[in-house]
Each structure stands twice: as C-alpha cells, then as structure tokens.
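# Close look at the chain arrangement
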Amino acid sequence: MPKAYVFTRYGGPETEALAELDRPGPGPGQLLVAVRAAGVNPVDWKQRTGYRRPGGDERELPAVFGNEVAGVVEEVGADVTGFTAGDEVFGNPVAGGYAEYALLPVAVTAHKPAGLSFTDAAALPVAAATAYDGIRQLGLPSGATVLITGAGGGVGVAATQIARAFGLRVVGVASDGKKDFVESLGAVHVPSGPGLEERVRAAAPDGVDGVFDLVGGEVLEAAATLLTDRTKLITGADRETVARLGGVPVARARTAAVLDEVAKLVVDGELRPFVTRTFPLDRAGEALRTVEDGHARGKIVIEVSA
C-alpha cells in the first residue's frame, strides 16, 4: 500500500507516524498525482497542533502532512480539462502531500516547466506563491523601499527576490547568522532584536514605503512604527496584531495563474527556490523538525522515489 507521513491526533511530534494508506481516487475537478517531492512549511506542524486557516475545516484523522507537492499525473477526475496522465505538475494538495500519492484540485495546479526540477517546483506553491501575492498586494512602484521581516525564511527568501525582480529596494530583517545569505539576495540586511526601528532608519534614511511582515508580534509592532501609510502594512504571520495596527493579512490568490507566474520567475533566473536540504519520505519527521525548530535557512523538501 502507498506510504504517507501522518499525524494520528492533535498534539506534538509524538502524534506522527509513517503509515500505509489506500491510494485515493480523484473526484470531479481533481488530479491523482504520484508525488515526486513535497515542500515543508511551518503551517504543516501548526496544523498538527490544531491550527486551521480561517474558514478551514477540521482535518479527518489520521491526516497527511503537507501543503505543496510536485509530481506526475496518474489519473484525472471528472470535468477536468487541460491535464492528462503523464503530465508533470505542481500545486496545493487537497489533504496532504507527504505521501506517495496526493489529490490536487486543478484550480491550484500548474504544469511544471521542463526546466524546473520536481524538487524546486515543490518549494513554490506555499512560500513563493505567498511571497508573490504579498509583493503584488503592496503594489509599490519600482524604486520604492520595502521592509521584509523574516527575510531569511522560506517566504522571506522568495519575497526578497520577487521584490528585487519588481524593481524594489529591499531591507531584510533576519538574524546575524543569516546576514551574508540575505545580502546575497540583493537586500540590505538589518539584524533582528531590540532596537530594530533605529537600525532600519539607519539602513533606509529616506524611510520605507511598505512592510511585508513574516514574523508577527513585537517585530510587527516595531516595523509598523516605520510607516506613515498603514495600508502598506501586510503580514503573513499575525492577523490579530496587524488588524490592531491598521494593516491587513496577505490576501492569498491561490490560483494556477500565480503558480505559472512564480515558475516563470524561476525559469527566467529571477527567483531561486533555495532548497537547502532534502529528506526521503521515511525521514519526513526529521524534515519537519528542521522547520519546526525554527533554524531552517531557505526551503526544506521531502523527495519521494518514483
């Protein structure tokens, strides 16, 4: 039977297990995909603790981890057009992707360009697509300055590169250990920690025109003080705080069109997924711990054998 990495109840890592599950069948508007790679994101372990996106349903247990995959179409469901068996695709699975097979809705599935590896493609549907949505949402003109907090994480790395591709100047907040990495992306690095406002003002004496927060809490509050126009304050990390400060959460488009645009940026050399570590499916727990511990640089991907 096909293998998948699941959580059997809500809680900590002790709830996780590699399990054998029936191969799913695609419903209307869905694709059954043989997974070749699955991206690992903080939302994965948060869902294990009971977190649900606004409007999201409670997961049926055992629940498969994962929110982004790349693979090969095995079957197409009813009412599906534009996809056939054998197509190489990437997107957001219906219910988990750390598995040998996953169901993908065609609305958030794109064809994988030939020049894009499965591993890199699996790193795009959550982090890079969120980054793309956020930078587009800010709507800053070329030459403007954007402050990105959490610039060394999965979404931050993508957001920094996409902002640069859009002609923006980037001030990136990250730990001292990620200074060289953040600067290699074309950003001005500012260390995180107390006194953030003063360091950002020194790095951007003309001010910042927008803030893309990926940390939340005190960091978001500090960043907000640097803006005169709070409509240019967005977060992917802290909906409650940003609302209190007069900003808004990132509005996710969740469309195949966005995935196409992100993939094009990669193929054109404007965006590097920066997959820094890969793990096989039977070591999915280690991959998840790397992200859950908060020390991952770039993206972590689980590779699944054909």
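Preceding this paragraph is the structure being described.
As the structure is a prediction and not an experimental result, all values here were calculated from the model.

### Thoughts on the overall build of the chain
- A count of helical and extended segments in the chain gives 10 helices and 16 strands.
- A globule of 306 residues ought to have a C-alpha radius of gyration of about 19 Å, and the chain, at 19 Å, matches this closely.
- When each of the 306 residues of the chain is scored for burial, the buried share is 52%.
- In the structure as shown, the chain presents an accessible area of about 13,000 Å², 49% of it carried by carbon and sulfur atoms.
- With 30 positive and 39 negative side-chain charges, the chain shows a separation of 3 Å between the mean positions of the two kinds.

### Concerning the environment of G29
- Inspection of the secondary structure puts G29 in the loop between β2 (16-20) and β3 (30-40).
- Distance in space between the C-alpha atoms of G29 and P113 is 22 Å, their sequence separation being 84 residues.

### A word on the nonpolar core
- In terms of nonpolar packing, the biggest core is built from 45 residues, with F90, L124, V146, I148, F212 and L271 touching the most fellow members.
- When residues of this core are traced back to their parent elements, those giving at least two are β5 (69-76), α2 (118-121), α3 (124-138), β9 (145-149), α4 (154-165), β10 (169-174) and α9 (256-267).
- When residues in this core are grouped by element, the largest group, eight residues, is from α3.
- If we skip the residues at most four places from it in the chain, I148 touches G156, A159, T160, V170, V171, G172, V173, F212 and L214.
- Counting 26 residues, the second largest nonpolar core, distinct from the first, contains Y5, F65, F83 and L281.

### Quick word on the layout of surface pockets
- In this structure, the largest pocket occupies an estimated 1,300 Å³ of space.
- In this structure, the largest pocket is lined by 42 residues; those nearest its centre are P42, K46, L214, G236 and A237.
- Taken together, the elements giving at least two residues each to the lining of the largest pocket come down to α1 (42-48), α3, α4, β10 and β16 (299-303).
- Considered class by class, the residues forming the lining of the largest pocket number 20 nonpolar, 14 polar and eight charged.

### Some points on the packing of α3 against α9
- Two elements in contact, α3 and α9, have axes separated by 10 Å at closest approach and are oriented at 95°. Our classification of the angle between α3 and α9 gives roughly perpendicular. Contacts between α3 and α9 pair L124, P125, A128, A129, Y132 and D133 from the former with V258, L259, E261, V262, A263, L265 and V266 from the latter.
- Taken together, the residues that form the contact of α3 with α9 break down as 11 nonpolar, no polar and two charged.

Analysis parameters
Residues numbered from 1 in each chain as written. Predicted model: local features only at pLDDT ≥ 70, side-chain atom pairs only at ≥ 80, totals over all residues. Heavy atoms only, no water. Helix = DSSP H or I, 4+ residues; strand = E, 2+ residues; numbered from the N terminus. Rg over C-alpha atoms; globule rule 2.2 N^0.38 Å. Buried < 20%, exposed > 50% of the residue type's maximum accessible area, 1.4 Å probe, protein only. Areas by Shrake-Rupley, 256 points an atom, 1.4 Å probe, with all protein chains shown as cover. Lys, Arg positive; Asp, Glu negative; His and termini not counted. Charge placed at Lys NZ, Arg CZ, Asp CG, Glu CD. Core = buried A, V, L, I, M, F, W, Y, C linked by side-chain atoms within 4.5 Å. Contact = heavy atoms within 4.5 Å. 1 Å grid on protein atoms, 1.4 Å probe; cavity = no way out; pocket = protein on both sides within 12 Å on 5 of 7 lines; lining within 4 Å. Points joined across faces, edges and corners; volume = space filled by probe spheres on them. Nonpolar A, V, L, I, M, F, W, Y, C, P; charged D, E, K, R; others polar. Axes fitted to C-alpha atoms, helices over the stretch in contact; angles between N-to-C directions. Parallel < 35°, antiparallel > 145°, perpendicular 65-115°, else oblique.

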